[in-house]
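# Structural features, examined
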Amino acid sequence: METTKALEIIPAVDIDSFLNGTEAEKNDVARLVDKTNREVGFLLITGHGIPQEMIDDVFAVSRTFFEGPGETKQAVMAPAGEQQGYHGLGLSGLAAKEGNEAPPDLREYFMTGRLDVSAPYFHEGDASKYYRPNRFPDGMDAFRTKIEAYYTAVETLGQRLMQLFARALDVEETFFDDKIDRHFGILSSIYYPAQLEAPKPGQLRAGAHTDYGALTILAPSNAPGGLEVKDLSGEWVSVPYMPGAFVINIGDMMQRWTNQRWKSNSHRVVNPPEAVAHVGPRQSLAYFLHPNFDTEVSAIPGTVAKGADPLHPSILAGAYMSEKEDAIATARPKRA
Ligand SMILES: O=C(O)CCC(=O)C(=O)O
Ligand SMILES: [Fe+2]
């Protein structure tokens, strides 16, 4: 499908007019966001204020890490059941979350959580499960500083996007503020290697899945073998690459929060065409915004019709996450 057609399904929104605009401009952006989130749950945003150079720096330090010595990666491996740290090639598959049998995804990734988890809140009760300390490789200072700077930038953008979402949902713009001020958002720097051998039948760079947080801020790179999302008729559409734009999508928790008014849509990362598969890797940066672990996710006022019951019971964000993680753990794909 050509880009213009794809942009009708997944529109590009300049959010500068929300961040710095008049009331009328803010409302225009909010209306468009509401429409898109109802229909496809994916949009592109420009005017977000994060310089391309900052994104490119994270791609560069990440590439050095992923293409560097195996020992460096092993040393910061995330232990089973933990997110922070390195996740090796062929160890996990996103399709498993949906209960689908599939060979492991053709990707490796490095995950960074909240930068400062020293306050007591992050250690009370179950909390420490969601707020683990980060695991950075020794002697790679640029890797750490570039990732941390980017984490802070997308963390702030995520908070502003939640304000935009609140406006789009016709609640106070600050509605989500105290529900995400101690979020357990996590940044994944993902590396999809060049494919020197053909993938196994059914094997993808990332199998079809939905994200489970509130929203995802994705910085893709312009390499063949990219992101696809389901359109209204259930056909896969390539998400267009637009320099400087982020892809924003709704996760399962936001779908629940909006009583399914907004769609947490299925997406996947396909393999590159065979002729260019060996040429190089694809990289992306995905920041998953998860609310505070003790935030109650229940239908937002106005999303349930008069006299109707909410479609889902209320659930704590942390408990919801654990449920999903357990489902993945029991459905781990077979090693290729
Ligand atoms: O790399 C991408 O473009 C998307 C990755 C993704 O969907 C995920 O990690 O949840
Ligand atoms: Fe995803």
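Refer to the structure presented above.
Criteria and thresholds
- Residues numbered from 1 in each chain as written.
- Chains lettered and ligands numbered in written order.
- Predicted model: local features only at pLDDT ≥ 70, side-chain atom pairs only at ≥ 80, totals over all residues.
- Heavy atoms only, no water.
- Donors = N, O, S within 2.8 Å, 3.2 Å for Na, K, Ca; no water.
- Helix = DSSP H or I, 4+ residues; strand = E, 2+ residues; numbered from the N terminus.
- Buried < 20%, exposed > 50% of the residue type's maximum accessible area, 1.4 Å probe, protein only.
- Near = heavy atom within 4 Å.
- Polar contact = N/O pair within 3.5 Å; in protein donor to acceptor, adjacent residues only side chain to side chain.
- Areas by Shrake-Rupley, 256 points an atom, 1.4 Å probe, with all protein chains shown as cover.
- Pairing = 2+ DSSP bridges.
- Axes fitted to C-alpha atoms, helices over the stretch in contact; angles between N-to-C directions.
- Contact = heavy atoms within 4.5 Å.
- Expected span 1.5 Å × (residues − 1).

### Quick word on the coordination of the iron ion (ligand 2)
- Here the iron ion (ligand 2) is held by the protein donor atoms His209 (NE2), Asp211 (OD) and His267 (NE2), which lie 2.1 to 2.2 Å from it.
- Of note, the donors binding the iron ion (ligand 2) are all from one chain and are spaced H-x1-D-x55-H. A residue pair is termed long-range when its members are at least 10 positions apart, and His209 in strand S6 (residues 206–209) and His267 in strand S11 (residues 267–269) qualify at 58 residues. Assigned by exposure class, His209 and His267 land together as buried.

### A short note on the site of ligand 1
- Taken together, Arg107, Ile190, Tyr192, His209, Asp211, Leu218, Leu227, His267, Val269, Arg282, Ser284 and Phe288 make up the full set of residues adjacent to ligand 1.
- The separation between an oxygen atom of ligand 1 and a polar side-chain atom of Arg282 is 2.9 Å.
- At 2.7 Å, a side-chain N or O of Ser284 approaches an oxygen atom of ligand 1.
- For ligand 1, whose free accessible area comes to 300 Å², the fraction covered by protein is 96%.
- When residues in the shell around ligand 1 are grouped by element, the largest group, 3 residues, is from strand S12 (residues 282–289).

### Structural notes on the sheet that holds strand S3 (residues 85–87)
- Ordered by their spatial adjacency, 8 strands build an open sheet running S1-S2-S10-S7-S12-S5-S4-S3, and the pairing between neighbours is mixed. For this open sheet the edge positions go to strand S1 (12–14) and S3, each flanked by a neighbour on one side alone. Neighbouring strand axes in the sheet, compared pairwise and without regard to direction, differ in orientation by 25° on average.
- Sheet topology note: the strand S5 (residues 186–192)/S12 ladder contains 7 bridges and is antiparallel. In the sheet register, Ser189 faces S12, and the bridge partner there is Leu285.
- This element, helix H3 (residues 23–39), spans S1, strand S2 (42–46) and strand S10 (246–250) of the sheet and lies at about 150° to S2.
- Across the face of the sheet, helix H6 (residues 141–168) comes into contact with S2, strand S4 (108–112), S5, strand S7 (215–220), S10 and S12 while running at roughly 130° to S7.

### Re helix H4 (residues 52–66)
- When the terminal C-alpha atoms of H4 are compared, their 21 Å separation across 15 residues agrees well with the 21 Å that a helix rising 1.5 Å per residue should span.
- For H4, the complete set of buried residues consists of Ile55, Val58, Phe59, Val61, Ser62, Phe65 and Phe66.

### Things to note about unusual backbone geometry
- With a phi close to 60°, Asp170 is a non-glycine residue in the positive phi region.
- Within the secondary structure, Asp170 is located in the loop between H6 and helix H7 (177–180).
- Here the phi dihedral of Asn259 falls at roughly 50°; this positive angle occurs in a residue that is not glycine.
- Along the polypeptide, Asn259 turns up in the loop between helix H8 (252–257) and S11.
- Residue class for Asn259 comes out buried when judged on its relative accessible area of 10%.

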